[in-house]
Amino acid sequence: MSETPPNTLQYRFDGPEDAPVLILGPSLGTTWHMWDRQIPELVQQWRVFRYDLPGHGGAPAHPAGSVTELTARLLATLDSFGVQRFGYAGCALGGAVGVELALRHPERIASLALVATSPRFGTPDEFRQRGVIVRTNGLDPIARTSPERWFTGGFAAAQPAITEWAVQMVRTTDPGCYIAACEALAGFDVRHELARVGVPTLVLVGSDDQITGPAEARTLVAGIPDARLAVVPGASHLVPVEQPAAVTDLLVRHFSTAWQPAYDSTTGQIAIPAAPVKPVLSAAPQAVPQVAPQVAPIAEIAPAVVAPQPFGRPDPYEAGLKVRREVLGDAHVDRALAQADEFSGDFQEFVTRYAWGEIWDRPGLDRRSRSCVTLTALVAGGHLEELGFHLRAALRNGLTPAEIKEVLLQAAVYCGVPAANSAFRVAQQVIREETTPEG
């Protein structure tokens, strides 16, 4: 650890040497100590490997300006110890490294947990602006505001020692490495690749996270084929610190039940693991109240049972229902179907089969692009009621509020200012409702 080469990372191992390896990746501005309260239980089953980002926690200041480069350094460090296959849990930037591993090095990773992670973190300009702030003023402004970004107000007030630890952790980070890490996040965007993540994945998020909150978590779950969502109430961005017992329980249960076997080069096959058991979680009493997370499986819709059809294509209804739920959300679809009667039922079936099964499920455009087209068409037609739930769908499909604003500005030119004016009013209300934490 005293001589960390530029192409590797500062690290530490905990746990028995003969146990399977579980890696814990840190968030921007933190060190491996953010996982301290998970270690005692995790080392009972795994050899835990933690690492620091460059320039964080006293690590050598060798900046890495992309998630790809950070991932390469992590693999070089693991290769030096002969670690070929492992489970991985990462928070925020550490989670981005986990997604990169699953996409570019799937043979190395057995199971994945993404904590407070997003397929794209805000916009590139947001992180580059943060770099401008650090270059101009140093890290002190970022450090002083870290607790309000990372923790709920109640936790920060009740835990002054942890709050001060967070401030000092950021303050002692190398500014150049922090700026490079911001560039790494600015350049990270895997929204169109999530379907290629082929390992069992737990997506874990704090209910009050205002940085990468439940909306971003739902985007990951909708895109990753074998993913489950866990929302931890009473936690913000650094949920492993704020609700350690709940997070530990989730990680133990996930990695105990969803560890994909290694690829067998002799047979060219891989064993298919059993479906993960839905966790039943309880939180151990601690000084800070621990709240059991709400765990939900991804939409597990059984394949349609369709009678053999000698002519034509299979009925797209089931595929359409799946896409409709993923884009609009279960609550909206359930409400629409429940309200259908003998008069309107055929129309709901028509919409599901053709709008969602035929058009939205086509591969020619991704869902973000389809949301842009749909919003513009609804503005042009003045369909404000439909616009409201398609704005929510656009956020679920990965559009940011800033991008929605650009769509509406473009619509103002081609659809008319009065139509766009009404659309902006609807969008302002929807975005406020969707981005304001509950409670």
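It should be noted that the structure appears before, not after, this text.
Now for a look at the structure at hand. As a convention, each chain's residues are numbered from 1 in the sequence order in which they are written. Note on the predicted model: pLDDT of at least 70 is required for a residue's local features to be given, and 80 or more for side-chain atom pairs to be given and counted; whole-chain, interface and lining totals, by contrast, use all residues. Side-chain descriptors were evaluated using all non-hydrogen atoms of the structure, hydrogens and water having been removed beforehand.

## Description of the pairing of strand 5 (residues 109-115)
Part 1 of the reasoning: With a 1.4 Å probe rolled over the protein chains alone, any residue whose accessible area is under 20% of its type maximum counts as buried; one over 50% counts as exposed, and the rest are partly exposed. Strands are runs of DSSP state E lasting at least two residues, helices are runs of H or I lasting at least four, and both sets are numbered from the N terminus onward. Most of strand 5 sits inside the fold, with seven of its seven residues counted as buried.
Part 2 of the reasoning: Taken together, the six bridges between strand 4 (residues 86-91) and strand 5 define a ladder with parallel strand orientation. If you follow Cys 91 over to strand 5, its bridge partner there is Val 115.
Part 3 of the reasoning: Since strand 4 and strand 5 lie parallel, the crossover through helix 3 (residues 93-104) that links them has a hand, and here it is right-handed.
Part 4 of the reasoning: By definition, two strands form a pair when at least two bridges between them are found by DSSP. Relative to strand 6 (residues 201-206), strand 5 runs parallel, the two being bridged by four bridges. If you follow Ala 113 over to strand 6, its bridge partner there is Leu 202. A clockwise course of the path from the first strand over the helix to the second, judged with the strands pointing away from the viewer, identifies a crossover as right-handed.

## Digging into the environment of Glu 349
Part 1 of the reasoning: Along the chain, Glu 349 falls in helix 14 (residues 345-360).
Part 2 of the reasoning: For Glu 349 and Leu 321, which are 28 residues apart along the polypeptide, the C-alpha to C-alpha distance reads 9.2 Å.

## Quick word on helix 3
Part 1 of the reasoning: For helix 3, which comprises twelve residues, the first-to-last C-alpha distance of 16 Å matches the rise-based estimate of 16 Å (1.5 Å per residue) to within 8%.
Part 2 of the reasoning: For helix 3, a buried count of eleven out of twelve residues is recorded, marking the element as mostly surrounded by other parts of the structure.
Part 3 of the reasoning: Leu 93, Gly 94, Gly 95, Ala 96, Val 97, Gly 98, Val 99, Glu 100, Leu 101, Ala 102 and Leu 103 are the residues of helix 3 that are buried.
Part 4 of the reasoning: Check the buried side of helix 3 and you find it contacts strand 2 (21-25), strand 3 (47-51), helix 2 (67-79), strand 4, strand 5 and helix 8 (175-186). In this analysis, the expected span of each helix is defined as 1.5 Å times one less than the number of residues it contains. Contacts between residues were defined by any pair of non-hydrogen atoms, one from each residue, lying within 4.5 Å.

## A word on the side chain of Gln 10
Part 1 of the reasoning: For Gln 10, the position within the fold is in the segment before strand 1 (11-14).
Part 2 of the reasoning: Polar side-chain contacts of Gln 10 include one of 3.3 Å to the backbone oxygen of Gly 57. Pairs of N or O atoms are called polar contacts if they sit within 3.5 Å, as long as, within protein, a hydrogen donor faces a hydrogen acceptor (for residues adjacent in sequence, only side-chain-to-side-chain pairs).

## Thoughts on the packing of helix 2 against helix 3
Part 1 of the reasoning: Lines are fitted to the C-alpha atoms to define the axes, a helix being fitted only along its stretch in contact, and any angle between axes, read from their N-to-C directions, falls within 0 to 180 degrees. The contact between helix 2 and helix 3 brings their axes to 9 Å, and the two run at 75°. As summarised for this structure, helix 2 and helix 3 are arranged roughly perpendicular, according to the angle between their axes. Counting all contacts with helix 2, which are made through Val 67, Thr 68, Leu 70, Thr 71, Leu 74 and Leu 75, the residues of helix 3 involved are Leu 93, Ala 96, Val 97, Glu 100 and Leu 101. Working rule for angles: under 35 degrees goes down as roughly parallel, over 145 as roughly antiparallel, 65 to 115 as roughly perpendicular, anything else as oblique.

## Section: helix 7 (residues 160-171)
Part 1 of the reasoning: In this model helix 7 runs 16 Å from its N-terminal to its C-terminal C-alpha over twelve residues, within 8% of the 16 Å that 1.5 Å per residue would give.
Part 2 of the reasoning: Against the buried residues of helix 7 lie helix 5 (140-150), helix 6 (153-158) and helix 10 (239-242).

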